[in-house]
Amino acid sequence: MPTTIKVNGVDRTVDVDSDTALLWVLRDVLGMTGTKFGCGMALCGACTVHVDGVATRSCITPIDSVSASEITTIEAIGATAAGAKIQKAWLDREVVQCGYCQSGQIMSASALLASNPHPTDSDIDDAMSGNICRCGTYVRIREAIKQAAQSNGQGG
Amino acid sequence: MILNHLTSPAAGPGRSPSANDFSRRSFLQAGAAAGGGLLLSLRLPFATGDAEAADGFAPNAFIGIGRDGQIVLTMPYVEMGQGTYTSIPMLIAEELEVDLKQVKLEHAPPNEKLYGNPLLGGVQATGNSNAIRAAWQPLRQAGAIARTMLVSAAAKRWNVDPASCRAQSGEVLHPPTGRSITYGKLAADAARVPIPKGVVLKRAEDFKLIGTPAKRLDTPSKVNGTAVYGIDVRPPGVKIATLAQSPVFGGRVKRVDDSAAKAVKGVRQIVRLDDAVAVVADHMGAAKKGLAALVIEWDDGPHAKLDTDDIVSELETATLNSGAVAQNIGNTDKAMASAVTKVEATYQVPFLAHATMEPMNCTVHVRKDGCEVWVGNQVLARAQATAAKTTGLPLDKVVVHNHLIGGGFGRRLEIDGVTRAVEIAKHVDGPVKVVWTREEDIQHDMYRPYWFDRISAGLDEKGMPVAWNHRFAGSSVIARWAPPLFNNGLDPDTTDGAIDLVYALPNMHVEYLRVEPPGIPTAFWRSVGPSHNVFVTESFMDELAAAAKQDPVAYRLVLLDKTPRAKAVLALAAEKAGWGQPLPQRVGRGVSVQFVFATYLAQVAEVEVSKDGAVRVRRVVCAVDCGTVVNPDTVRAQIQSAVMFGITAALYGKITLKDGRVEQTNFDTYQILRMNEAPAVEVHVVQSSELPGGMGEAGTSAIVPAVTNAIFAATGKRLRKLPIDTAVLKQSA
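Every value quoted in this text rests on a predicted model; they were computed, and no experiment measured them. (Residues numbered from 1 in each chain as written. Chains lettered and ligands numbered in written order. Predicted model: local features only at pLDDT ≥ 70, side-chain atom pairs only at ≥ 80, totals over all residues.)

**Thoughts on the overall build of chain B**
No. 1: In terms of helices and strands, chain B carries 20 helices and 31 strands.
No. 2: Computed over the C-alpha atoms, the radius of gyration of chain B is 27 Å, within 12% of the 27 Å expected from 2.2 N^0.38 for a compact globule of 733 residues.
No. 3: Along the first, second and third principal axes, the C-alpha atoms of chain B reach 85 × 75 × 45 Å.
No. 4: The proportion of buried residues among the 733 residues of chain B is 59%. (Helix = DSSP H or I, 4+ residues; strand = E, 2+ residues; numbered from the N terminus. Rg over C-alpha atoms; globule rule 2.2 N^0.38 Å. Buried ≥ 20, exposed ≤ 12 C-beta atoms within 10 Å, placed from the backbone.)

**Section: the overall build of chain A**
No. 1: Across its full length, chain A carries five helices and five strands.
No. 2: Each helix and strand of chain A, ordered N terminal to C terminal, gives the series β-β-α-β-β-β-α-α-α-α.
No. 3: In terms of overall dimensions, chain A is globule-like: its C-alpha atoms have a radius of gyration of 15 Å, near the 15 Å expected for 156 residues.
No. 4: Principal-axis analysis of the C-alpha atoms places the extent of chain A at approximately 50 × 30 × 25 Å.
No. 5: Residues classed as buried in chain A amount to 59% of the 156 residues present.

**Looking at the sheet that holds strand β1 (residues 2-7) of chain A**
Sheet strands pair by backbone hydrogen bonding; their relative direction is either parallel or antiparallel.
All names here are of chain A.
No. 1: The five strands are arranged β2-β1-β5-β3-β4 in an open sheet whose pairing can be described as mixed. Of all the strands in the sheet, just β2 (10-15) and β4 (54-57) have a single pairing partner and so form its edges. The sheet shows a mean angle of 40 degrees between the axes of neighbouring strands, taken without regard to direction.
No. 2: Of the strand pairs in this sheet, strand β3 (residues 48-51) and β4 are connected by four bridges, and their pairing is antiparallel. Note on β4: the bridge partner recorded for threonine 48 is arginine 57.
No. 3: Taken strand by strand, helix α3 (residues 102-115) contacts β3 and β4, and its axis lies near 35 degrees from that of β3. (Pairing = 2+ DSSP bridges. Axes fitted to C-alpha atoms, helices over the stretch in contact; angles between N-to-C directions. Contact = placed C-beta atoms within 7 Å.)

**What to know about the interface of chain A and chain B**
No. 1: Contact residues are listed per partner, giving 47 residues for chain A and 52 residues for chain B.
No. 2: Put simply, the parts of the chain that give the side of chain A that touches chain B at least two residues each are α1 (22-29), α2 (81-92), α3, α4 (121-128) and α5 (138-150) of chain A.
No. 3: Residues that form the side of chain A that touches chain B fall into these classes: 25 nonpolar, 16 polar and six charged. (Nonpolar A, V, L, I, M, F, W, Y, C, P; charged D, E, K, R; others polar.)

**What to know about α3(A)**
The periodicity of an α-helix, 3.6 residues per turn, causes residues three or four places apart in sequence to face the same way.
No. 1: The terminal C-alpha atoms of α3(A), which comprises 14 residues, lie 20 Å apart, in line with the 20 Å expected from a rise of 1.5 Å per residue.
No. 2: Where α3(A) is buried, its residues meet β3, β4, α2, α4 and α5 of chain A together with α7 (219-223) of chain B. (Expected span 1.5 Å × (residues − 1).)

**A look at the sheet that holds strand β27 (residues 599-609) of chain B**
All names here are of chain B.
No. 1: One open sheet holds the four strands; their spatial order is β26-β27-β28-β31, and the pairing between them is mixed. Each edge of the open sheet carries a strand with a single partner, namely β26 (587-596) and β31 (680-685). Put simply, the sheet's adjacent strands are angled 15 degrees from each other on average, direction ignored.
No. 2: Helix α18 (residues 564-577) rests against β26, β27, β28 (615-625) and β31 of the sheet, and its axis sits at about 140 degrees to β28.

**Here we look at the domain arrangement of chain A**
Interface size is often expressed as the accessible area that is lost when the parts come together.
All names here are of chain A.
No. 1: When the domains of chain A are assigned, the result is domain 1 (2-72) and domain 2 (77-150).
No. 2: A separation of 21 Å is found between the C-alpha centroids of domain 1 and domain 2.
No. 3: When contributions to the side of domain 1 that touches domain 2 are tallied by element, the ones reaching two or more residues are β3 and β4.
No. 4: At three residues, β3 tops the list of elements feeding residues into the side of domain 1 that touches domain 2.
No. 5: For the side of domain 1 that touches domain 2, the residue count by class is six nonpolar, eight polar and one charged. (Domains from an automatic or database assignment.)

**Things to note about the pairing of β2(A)**
Residue and element names in this part refer to chain A.
No. 1: Of all the six residues making up β2, zero are buried; the element is thus mostly uncovered.
No. 2: One ladder, built from six bridges, connects β1 with β2; its direction is antiparallel. Bridge pairing in β2 links threonine 3 to valine 14.
No. 3: In this structure, the hairpin formed by β1 and β2 is closed by a connection of two residues, where asparagine 8 is found at a positive phi of approximately 50 degrees.

**Some words on helix α13 (residues 416-425) of chain B**
No. 1: Summarising burial for α13(B): eight of the 10 residues are buried, a large majority.
No. 2: Turning to α13(B), its buried residues number three or more, namely B:Gly417, B:Val418, B:Arg420, B:Ala421, B:Val422, B:Glu423, B:Ile424 and B:Ala425.

**Some points on the packing of helix α5 (residues 138-158) of chain B against helix α6 (residues 183-190) of chain B**
Residue and element names in this part refer to chain B.
No. 1: α6 packs onto α5 with a crossing angle of 90 degrees between their chain directions and a minimal axis gap of 9 Å. Taken together, α5 and α6 sit at an angle that is classed as roughly perpendicular. Contacts from Met149, Leu150, Ala153, Ala154 and Arg157 in α5 reach Tyr183, Leu186, Asp189 and Ala190 in α6.
No. 2: The residue inventory of the contact of α5 with α6, partitioned by class, reads seven nonpolar, no polar and two charged. (Parallel < 35°, antiparallel > 145°, perpendicular 65-115°, else oblique.)

**Examining the packing of α3(A) against α5(A)**
All names here are of chain A.
No. 1: The N-to-C vectors of α3 and α5 enclose an angle of 35 degrees; their axes lie 11 Å apart at closest approach. Here α3 runs over α5; the crossing is right-handed. Contact residues: α3 offers Gln105, Ala109, Leu112 and Leu113, while α5 offers Ile141, Ile145, Ala148 and Ala149.
No. 2: When its residues are assigned to classes, the contact of α3 with α5 shows seven nonpolar, one polar and no charged. (Left-handed = near helix turned anticlockwise from the far one by under 90°.)

**Considering the pairing of strand β10 (residues 171-174) of chain B**
Residues in a regular strand project their side chains so that they alternate between the two faces of the sheet.
Residues and elements named next belong to chain B.
No. 1: Where strand β9 (residues 166-168) lies against β10, three bridges are found, and the strand directions are antiparallel. Looking at the pairing, alanine 167 lines up with valine 172 of β10.
No. 2: The hairpin turn running from β9 into β10, its antiparallel successor, is two residues long, and serine 169 in that turn takes a positive phi close to 50 degrees.
No. 3: Between the end of β10 and the start of strand β11 (residues 179-182), which pair antiparallel, lie four residues, with glycine 178 showing a positive phi angle near 75 degrees.

**Here we look at the nonpolar core**
No. 1: Core analysis: the biggest nonpolar cluster contains 289 residues, and B:Leu150, B:Val279, B:Val373 and B:Val707 have the highest contact counts within it.
No. 2: Ranked by the residues each element gives to this core, the list is headed by helix α20 (residues 698-715) of chain B, at 11 residues. (Core = buried A, V, L, I, M, F, W, Y, C linked by C-beta atoms within 7 Å.)

**A word on the domain arrangement of chain B**
All names here are of chain B.
No. 1: Taken domain by domain, chain B holds domain 1 (2-223), domain 2 (232-301 + 360-435) and domain 3 (309-351 + 447-729).
No. 2: Computed over C-alpha atoms, the centres of domain 2 and domain 3 are 37 Å apart.
No. 3: Taken together, the contact between domain 2 and domain 3 spans nine residues of the former and 10 residues of the latter.
No. 4: Residue composition of the side of domain 2 that touches domain 3, grouped by class: five nonpolar, two polar and two charged.

**Some details on the environment of A:Ala79**
No. 1: Mapped onto the elements, A:Ala79 comes out in the loop between β5 (70-72) and α2.
No. 2: Each C-alpha atom of the pair A:Ala79 and A:Asn8 lies 9.6 Å from the other, and the pair is 71 residues apart in sequence.

**Concerning the environment of B:Val428**
All names here are of chain B.
No. 1: Locating valine 428 in the fold gives a position in the loop between α13 and β22 (432-435).
No. 2: You can call valine 428 buried: it has 20 C-beta atoms within 10 Å.
No. 3: Between the C-alpha atom of valine 428 and that of aspartate 625, which follows or precedes it by 197 residues, the distance is 52 Å.
No. 4: Residues in contact with valine 428, not counting those within four places in the same chain, are Lys239, Gln269, Val271 and Val280.

Have a look at this one:
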């Protein structure tokens, strides 16, 4: 049965089983390949998107559970204030190596910064520990989040 | 700067026309230019006659300059995160005299004659941390030759002495008259200039790019979701497949009931192979659901009862016999007999999976008259060859498109995933993308070998080593991967880090026994041989210091007089780490120093062990001398990265077999270090004008013994088997 979801502000109707994970709809049906497949079990965070602003693992999110939600992906996160700051910090700090996990890292970090303009190290640990980076770019991810937070100014 | 064909939507079925056009040309060996060192004898492909490409100037296989001024650099090494798509362009651009932002990059097509790696026996491979070492001389030459020809063309046009012209930022200038002309406008003329026999390379003090931190060229596309990895390609009409391979290596499919799978919405086809079953569907969700609905009966074959313990006991037994002599200095038996103290130990390291973040995948379209492959792979020509062999098509009917790689670490130096995808695609009408689930990726990896070591040393009355005897057994990956490099029972990788220690050891004997485990394939893995040998040798050196009741840094320094670069990095790391300063209870510092991949590296790890045995690496200080640095930021990044990779292995890395099946399945049972566990990592780079060393892997081998040595300092417990067993680190009540 066709299901309509709203991705990056655009309604998209797809005809897949209602329990199909959002990840496969984005990647294989809609051709939005910025969101990555890593584990299929919400263990690595590569597939992270925002559902109504909340960082969500799209690999275990059935499409029928988000039909009333606003979905934001890496392709559009730069249009949000937090996302733009995070992307800039990622470039300034040269965070990226292979880059495969970084869509998910950026989505998690953007959600953190949007809800918490001045995260502590512990806040960063809590928000980011669900995102694995096999290249081990964690030192720079932490620095970049802090840089992005600084650009929020004192008192955010 | 544009990554041509590397970002969507340009990527896909389109070819890289200029790269392929260049590669069709015939090439000959260049005359040796200025400079020295081991790279002088390399063959560099240069155009035979004129250097005129269809649309401009292509003096060699790496550089194309269009009449529109577009400069295209073709990358002979693949980008998998190590920064090669920035550092290789830096080498060319330095001599070509262009800015990095002026160049467009293309992946090299499979062509071993043009793009073979001279340091890997001519195989078109990216690995062994050697891209910069292999490219250092020839790719600067490539740039210098192109620049020389452009300058000649301008001088001829202006009727002036070429020596009165100079090149800068993609233009040739004639300072006496103030004239200038762009490379694009010179392209047609330059293509008719004879290729110079020799060129003079720039002196280090004239470098503008080399040695300065350059922004990575691949980063922008990787932060906005437009980068195209192999798994992202979408040729028109592509179907998605996922698969189940025999859970026991060497097993076969006995029976398949696919009725339920075929009933899943979106499933199009079930492909049954001898040892695997694939579900082809409209999307991965349907393919996975179909796979779960399959009922497959397997014939497990000869390894149905194999356990890791069986393999370990075979290795252990093997080390009771002598092996191939990998190193022999002095008279170790005699020195051992006269030693005042004798220390001996056994060490073991486990099988390890690569667990690249991008799961194994490959997209293939098999037609009657040709085959197209889209993949991110470290050995492109082998990918092409296996596709040709599997389809029965001639090599020139197989087109391979390379893509960005979401983590290699040696996994993509193998072509099993390409072969498998082509086997499946032969049964599918139209293109099919074969994507492995994470479980399939971990359970059908090709694994870093298990090694078992016996090591002993004799100490004199001062506690210093006078005899060193080391024997180990395990798989030789090289013997399978590059048989000509395996000679007299030895290969250059398996013994790397065991035979050429930085220390002055007057009597040293090292033996290796090649023992291939049954029922589990082995492969390269970040730092491969050194990931094992440096753990053993640097742990054991720590044991010797402890036996001599000496400080581990001071003990090592005494042995480093003949290797001043090693001594310097050790002293620097110790100083920056605050070696010797007091630490709280159950916190310790551990050290390691090594020379592998042509790079000197010392690390000090500061580790905390909780009362329940949990290990936390708090801080890592690294001092590195990798010779001439091309991109300093990449050197730092690679060490930071390799340190995390090594800590993951030290704390968690273990692949085990039970009844022939790999027991680990996903990131819950094969854990990777996470943000909350990541230490601070400081990197101190020594200024050097020596030839460049490799940086991709060195940090991984160094960190593991630094961590276990720190645990010894914190708890008095010596760990000789990986991964770290936290149970033995519990504080007794």
